[in-house]
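# Summary of structural features
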Amino acid sequence: MSVLTPIGTALLGLTAGQTMNWTARDDRQHKLKVLAVAGNVIEKAILFTVGE
């Protein structure tokens, strides 16, 4: 994931266990949880849709 994308930029500074919510262009709600961080790089994350 590139830091040049809105989601990539939003992930900067998150630590393991933190979550991030956002609304996609199609108005669907999404949530991402950071599972692990290696150095300054997010190593694993879980992405799921909120609601549906």
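Within every chain, residues take consecutive numbers counted from 1 along the sequence as written. Residue-level local features of this predicted model are given only where pLDDT is at least 70; pairs of side-chain atoms are given and counted only at 80 or more, and the full residue set underlies all totals for whole chains, interfaces and linings. Neither water nor hydrogens contribute to the side-chain values; these are computed over all heavy atoms in the structure.

## Quick notes on the confidence of the model for the chain
- When the pLDDT values of the chain are averaged, the result is 76; 71% of them are 70 or greater.
- Strand β1 (residues 19–23) holds the highest mean pLDDT among the elements of the chain, 86, whereas strand β3 (residues 41–49) holds the lowest, 60. Known as pLDDT, the predictor's confidence for each residue is given on a scale from 0 to 100. By definition, any uninterrupted DSSP run of H or I lasting at least four residues is a helix, any uninterrupted run of E lasting at least two residues is a strand, and each is numbered from the N terminus.

## Here's the deal with the environment of I7
- Among the structural elements, I7 can be located in helix α1 (residues 6–11).
- The buried label goes to any residue with under 20% of its type's maximum accessible area, the exposed label to any with over 50%, and the partly exposed label to all in between, with areas taken from a 1.4 Å probe on protein chains only. On the basis of relative accessibility, which here comes to 24%, the residue I7 falls in the partly exposed class.
- Sequence separation between I7 and N21 is 14 residues, and the spatial gap between their C-alpha atoms is 9.7 Å.

## Observations regarding the nonpolar core
- For this analysis, a nonpolar core means a set of buried residues of the types Ala, Val, Leu, Ile, Met, Phe, Trp, Tyr and Cys, connected via side-chain atoms within 4.5 Å. Within the largest apolar cluster, 6 residues are counted, these being L11, L14, M20, W22, L32 and V34.
- Looking at this core, the elements that each hand over two or more residues are β1 and β2 (29–38).

## Quick look at a nonpolar patch on the surface
- Patches draw on residues past 30% relative accessible area with no salt bridge. Two like charges within 9 Å are joined, as are two nonpolar side chains (Val, Leu, Ile, Met, Phe, Trp, Tyr) within 5 Å. The accessible surface values rely on the Shrake-Rupley method and a 1.4 Å probe; as for residues, cover is taken only from the protein chains in view. In the sections that follow, a salt bridge refers to a side-chain nitrogen of Lys or Arg positioned within 4 Å of a carboxyl oxygen of Asp or Glu. Residues V3, L4 and L12 make up a contiguous nonpolar surface patch of roughly 350 Å² in combined accessible area.
- In this structure, L4 sits in the segment before α1.
- Of the residues examined, L4 reaches a relative accessible area of 78% and is grouped as exposed.

## What to know about the environment of T19
- Its location among the elements puts T19 in strand β1.
- Linking T19 and L35, residues 16 residues apart in sequence, is a C-alpha distance of 9.3 Å.
- Residues in contact with T19, not counting those within four places in the same chain, are K31, L32 and K33. Any two residues whose heavy atoms approach within 4.5 Å are treated as being in contact.

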